[in-house]
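Coordinate analysis (summary)
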Amino acid sequence: MSLDTIKEFTTHCEISRGDLATPAVITIKYTLNSTEPVECRIVAQKNDIPHSLRGFGIVEDRSHCYQIRGDLASGKQFAIIEFNALTTTHSTNQFIWEGHAEFYVEGDLTEFDATHGKITCYATTTPSLLASSRNVYSLQSDGTVDLWKRGNDEWLQWNSELGVAEYRETYSLFTEKHGLDKALVRTAKSQVVINCDVTGSISLEKICTNMDAALNDTYWLLSFLNKRRLDWYEAQIVFEPNDDSSRGLRVYARRRQWFGYEDITAQTLSWHEVPIRRESLYDCFQHVLTNLRNSKIRKNIETAMTQLVISYEQGYFESRLVNAYAALEALISGTTSQREATSLLPNQQFKKLRKAIKAIIEEQVQDVETREGIIKKLPELQRRGIRDQLMMLLKQDGVEFQKLWKPQKPFETELSEIFSRRNKYIHQGIIEDYSYCWPDITRIQALVTVWILKLLDCPDEAINYKGLKGKVVPYPT
């Protein structure tokens, strides 16, 4: 089979929602080993379509419970669990929808007894250095591979809802034509491999659709460490029986993904840039992931991770800047909500002070509207400034900025100026000097990265301070 084999077929299908269904003819086209979407063209006769199903062409999410199912010529089945119709046309007798299958599965979709066998999932992600083994394999110019052994041949491993998972680099062989000659090409893939802990009646389709929930938290963490979005876009789920009493089963799945502006086939990250040192990552990954799952501010941390990753992407500079600010503020918001770090005084003491100030205002300000406006502002006197909140929180969590960069001014002054530039851009849309913004981004990225690792109880000796420090850009002098 060629690396970029194109599969295309036309068959009968059924579009359904609840108890309503209509027959149709569908043409499906996709390329193996590709992140390109599965293209679909669906034709249905108007007389066959119940009136309430005619809005099908504009449905774009699973909450509406539309399903497209049919049989393949091989006797297996396919299902489109989510369809995005890009165009809808109709003639006198037909509706025609053309678009993409956001989630597509084909193969052995019916339920079976998984008791006497094992199920393995192979979910392919965009290329990542994190899929490398603890050992180092180097490709030589003559095509041979050398091994520099660090210990056991281990990959990142963790416990998921489906079973034990590993993130590993796997290899496949394909026949390709180079000039007039045929050649055997070896390709590498970054794959999450899950040995499913499943018994009893199950379907491989259900295993496939459950992978989102089973791997969601892990992809947040992997993307954060990778400084680039990671998620699965192609998968195979395989059932292997223990004996000859039942046959092997297989499902192939595709999910449309958006991975940002960068070339997803390129892998530019080096181990020097990974926030956790390579020699420590394999031992502490499960610990860090468990703490993310159990964190009281998990949503804030995941939001900060997402915004931090976007700040690394090659998009508009202003978008990267805003997302760096947002990542920092997501952590400030989450941690202060748990620790009440915003208050300057104990509540009872502030109530007495507020009462005294209110009395002075009522005595001195005669205009009722102005007086009420000032009184409404009094709670802000209790609120600690955002820079002071951050300084206190970083100290509580053991984040030492001195390990990340050497301040050109006192640290408090640098933070004040960063927030001043942030306020001017967020509230006024003004960037006065772009030469200061890139150093701001790199400082925030380094600071947020270490803070997240500290919140997840990553050992300090495991944090790659040297690599993070090397990415911080100095301010112009």
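Quick note: structure is the one above.
Residues numbered from 1 in each chain as written. Predicted model: local features only at pLDDT ≥ 70, side-chain atom pairs only at ≥ 80, totals over all residues. Heavy atoms only, no water.

Each helix and strand in the chain was counted, giving 10 helices and 16 strands. Residue burial in the chain is summarised as follows: out of 477 residues, 46% are buried. Within the chain, contacts between residues at least 6 apart in sequence are counted, and of these 70% link residues at least 24 apart. With the model as given, the accessible surface of the chain reaches about 24,800 Å², and the carbon-plus-sulfur share is 49%. (Helix = DSSP H or I, 4+ residues; strand = E, 2+ residues; numbered from the N terminus. Buried < 20%, exposed > 50% of the residue type's maximum accessible area, 1.4 Å probe, protein only. Contact = heavy atoms within 4.5 Å. Areas by Shrake-Rupley, 256 points an atom, 1.4 Å probe, with all protein chains shown as cover.)

To continue, consider the nonpolar core. Ile 119, Met 211 and Ile 237 are the most contacted members of the largest nonpolar core, which totals 98 residues. Top element by residues in this core is helix 1 (residues 204-226). It accounts for 11 residues. (Core = buried A, V, L, I, M, F, W, Y, C linked by side-chain atoms within 4.5 Å.)

Each α-helix winds once per 3.6 residues, and so residues spaced three or four apart point in a common direction. Over its 22 residues, helix 9 (residues 434-455) runs 31 Å from end to end, which matches the ideal 32 Å to within 8%, given 1.5 Å per residue. The buried fraction of helix 9 is high, at 16 of 22 residues. Following helix 9 by one or two positions, Asp 457 has its phi on the positive side, about 60 degrees. (Expected span 1.5 Å × (residues − 1).)

This part takes up helix 3 (residues 298-312). Between its terminal C-alpha atoms helix 3 stretches 21 Å, which fits the 21 Å expected from 15 residues at 1.5 Å a residue. Along helix 3, the residues that are buried comprise Ile 301, Glu 302, Ala 304, Met 305, Gln 307, Leu 308, Val 309, Ser 311 and Tyr 312.

Scanning all chains against the criterion turns up 25 salt bridges. Two residues, Lys 471 and Glu 273, come together in a salt bridge whose shortest N-O distance is 3.4 Å. Here Lys 471, found in the segment after helix 10 (465-469), pairs with Glu 273, found in the loop between strand 16 (249-255) and helix 2 (278-294); they are 198 residues apart in sequence, far enough to count as distant. Judged by its relative accessible area of 45%, Lys 471 is partly exposed. Taken together, the salt bridges that share partners define one network made up of Asp 217, Arg 293, Arg 298 and Glu 302. (Salt bridge = Lys/Arg side-chain N within 4 Å of Asp/Glu carboxyl O.)

The next thing to look at is the side chain of Lys 227. In this structure, Lys 227 sits in the loop between helix 1 and strand 15 (232-241). For the buried Lys 227, which has no salt bridge, the nearest side chain bearing the opposite charge is Glu 273, at an N-O separation of 4.9 Å. Residue contacts for Lys 227: discarding those within four places in its chain leaves Leu 269, Glu 273, Pro 275, Val 309 and Tyr 312. (Lys, Arg positive; Asp, Glu negative; His and termini not counted.)

With that settled, consider the pairing of strand 15. With seven of 10 residues buried, strand 15 is to be regarded as a mostly interior element. Of the pairings in the sheet, the one linking strand 8 (residues 117-125) to strand 15 comprises nine bridges and is antiparallel in character. Note that in strand 15 the partner of Thr 120 across the bridge is Val 238. (Pairing = 2+ DSSP bridges.)

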